Amino acid sequence: MISVDANAKINLTLDILGKRDDGYHEVSMVMQEISLHDTLHLEEIPAGIELEISGSDLPADESNLCYRAARLVKDTCNLKAGVRIRLEKRIPVAAGLAGGSTDAAAVFKGMNDLFSLNITEEKLCDLGAELGSDIPFCILGGTMLATGRGELLKRLPDFAGVNVVLAKPRVGVSTAWAYKTYDAGYTGRHPDNEAMIKAIEQGDVSGVSNLLCNVLEGVTIKEHVIINTYKQAMLKAGALCSMMSGSGPTVFGIAPEETVAEAVAAQIKGIDAGAAVFTAKTVGRNRG
Ligand code: ATP
């Protein structure tokens, strides 16, 4: 049996460049792995795919991304043996934190190890992209510039060990809905990814904080104003910045120190007892 941690991600930036003929949006975004994670335990069984989930009422059936990832590996590699997957869910669902994608990535990596399949990282990413645009990032991790529909990745220097606070209100947001609702005539601020990459290269935490930008934030805030309440509360409690991750509704703040992160978390819990609140750290590709 092997166990794999499946880390969540936040977006330091998210830009939409246009709509493509295949229906996807062309994006350009800086993605960051964080230490908030699910854990998956994988073991070999004689045949089939079995999935058990704790910590969430997500269906443990063929619709689950873990199940679909396992089937794709089995089919691609013509694997006769089966796999039992136990998923301990901690990452909130439909939250903008790539919870489903990171579980699928963990199944790809875990089965590759468990069955000594020797699939290269590059090939794993290709397989992952068949299931979901964020999965290649979740396979590689660290800090990356993601373009295309999110699957084309350029590695950036690690931006590890930075304190973040995450707060998800009770609502969930569908990624498809947010992209559909985004108005092509958007005239608001766009991220400056070049400047963001420079700030990351310099390990400049306050520079990164000042450059956070997500063009989907306004779309989701219009529907869920509580996101704005969380943002203001985080700033008031000492966060350097705060922004919605992905299509939301999770809001994250960057804190200069762990004690500030704890204070920010307490502030959010104080204003909304229903919030799911976590403190975490950014993670490097070398697990720094
Ligand atoms: P992203 O940031 O990639 O847009 P998200 O964090 O907004 O993702 P997820 O938590 O990945 O959203 O969930 C999206 C949908 O995928 C959920 O509504 C859920 O029904 C489905 N899903 C399938 N498998 C899983 C899984 N293992 N964990 C979470 N969601 C899953």
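All values derive from a computational prediction rather than experimental measurement.

Analysis parameters
Residues numbered from 1 in each chain as written. Predicted model: local features only at pLDDT ≥ 70, side-chain atom pairs only at ≥ 80, totals over all residues. Heavy atoms only, no water. Domains from an automatic or database assignment. Contact = heavy atoms within 4.5 Å. Buried area = accessible area lost by both parts, 1.4 Å probe. Disulfide = S-S within 2.5 Å. Buried < 20%, exposed > 50% of the residue type's maximum accessible area, 1.4 Å probe, protein only. Salt bridge = Lys/Arg side-chain N within 4 Å of Asp/Glu carboxyl O. Helix = DSSP H or I, 4+ residues; strand = E, 2+ residues; numbered from the N terminus. Pairing = 2+ DSSP bridges. Polar contact = N/O pair within 3.5 Å; in protein donor to acceptor, adjacent residues only side chain to side chain. Expected span 1.5 Å × (residues − 1). Axes fitted to C-alpha atoms, helices over the stretch in contact; angles between N-to-C directions. Left-handed = near helix turned anticlockwise from the far one by under 90°. Nonpolar A, V, L, I, M, F, W, Y, C, P; charged D, E, K, R; others polar.

### Considerations on the domain arrangement of the protein
Along its sequence, the protein is carved into domain 1 (2-155) and domain 2 (163-281). When each unit is reduced to the centre of its C-alpha atoms, the spacing between domain 1 and domain 2 is 23 Å. Counting residues at the interface gives 26 residues for domain 1, matched by 31 residues for domain 2. Regarding the contact of domain 1 and domain 2, the summed buried area is about 2,200 Å², with carbon and sulfur atoms giving 66% of it. For the domain 1 face of the interface with domain 2, the top three residues by lost area are Leu 12, Leu 14 and Ile 16, together amounting to 26%.

### Digging into the state of the cysteines
Here is the idea: a disulfide is a covalent bond, and it sits between the sulfur atoms of two cysteines. Per the counting criterion, the structure on display carries zero disulfides. The structure places no disulfide on Cys 77, whose sulfur is separated from the nearest cysteine sulfur, that of Cys 125, by 15 Å. Judged by its relative accessible area of 28%, Cys 77 is partly exposed. With no disulfide of its own, Cys 138 lies 10 Å from the sulfur of Cys 125, the closest cysteine sulfur.

### A short note on the pattern of salt bridges
Oppositely charged side chains can form a pair if their charged atoms are brought close together. Taken as a whole and judged by the stated rule, the model has twelve salt bridges. A network of salt bridges, in which partner residues are shared, links Arg 20, Asp 22 and Glu 26.

### Focus: the pairing of strand 8 (residues 163-168)
Among the six residues in strand 8, six count as buried, and that is most of the element. Alternating positions in strand 8 separate into two faces, Asn 163, Val 165 and Ala 167 on one and Val 164, Leu 166 and Lys 168 on the other, with burial throughout. Bridging between strand 8 and strand 11 (residues 251-255) involves five bridges; their strand directions are antiparallel. When the sheet's bridge partners are listed, Val 164 is paired in strand 11 with Ile 254. Strand direction decides the pairing type here: strand 8 and strand 12 (residues 276-281), joined by six bridges, are antiparallel. Bridging across to strand 12, Val 164 finds its partner in Ala 280.

### Points about the side chain of Thr 143
Tracing the backbone through its elements, the reader meets Thr 143 in strand 6 (residues 143-147). For Thr 143, the side chain forms a polar contact with the side chain of Gln 32, separated by 2.6 Å. Among all residues touching Thr 143, those that are not within four sequence positions of it are Val 30, Met 31, Gln 32, Lys 154, Arg 155, Leu 156, Pro 157, Asp 158, Phe 159 and Ile 200.

### So, helix 2 (residues 99-114)
In an α-helix there are 3.6 residues to a turn, and that puts residues three or four apart on one side. Over its 16 residues, helix 2 runs 22 Å from end to end, which matches the ideal 22 Å to within 8%, given 1.5 Å per residue. Counting buried positions along helix 2 gives twelve out of 16 residues, so the element sits mostly inside the fold. On its buried side, helix 2 packs onto strand 1 (2-11), strand 3 (25-45), helix 1 (65-77), strand 5 (82-88), helix 3 (121-131) and helix 4 (135-140). The first or second residue beyond helix 2 is Ser 116, which carries a positive phi of 45°.

### Digging into unusual backbone geometry
Among all residues except glycine, the phi angle is most often negative; among peptide bonds, the trans geometry is most common. That bond from Gly 248 to Pro 249 is cis: its omega, 5°, falls within 30 degrees of zero. Topologically, Pro 249 is positioned in the loop between strand 10 (241-244) and strand 11. In this model, Ala 98 sits at a positive phi of 60°, which is unusual for a non-glycine residue. Tracing the backbone shows Ala 98 in the loop between strand 5 and helix 2. Phi at Asn 118 takes a positive value of approximately 55°, unusual for a residue other than glycine. Here Asn 118 is to be found in the loop between helix 2 and helix 3. For Asn 118, a relative accessible area of 69% gives the class exposed.

### Quick notes on the packing of helix 1 against helix 2
With their axes 8 Å apart at the nearest point, helix 1 and helix 2 run at an angle of 35° to one another. Handedness of the helix 1/helix 2 crossing: right-handed. Of the residues in helix 2, those in contact with Leu 65, Cys 66, Ala 69, Ala 70, Leu 72, Val 73 and Lys 74 of helix 1 are Gly 100, Ser 101, Asp 103, Ala 104, Val 107, Phe 108 and Met 111. Across the contact of helix 1 with helix 2, the residue classes tally to ten nonpolar, two polar and two charged.

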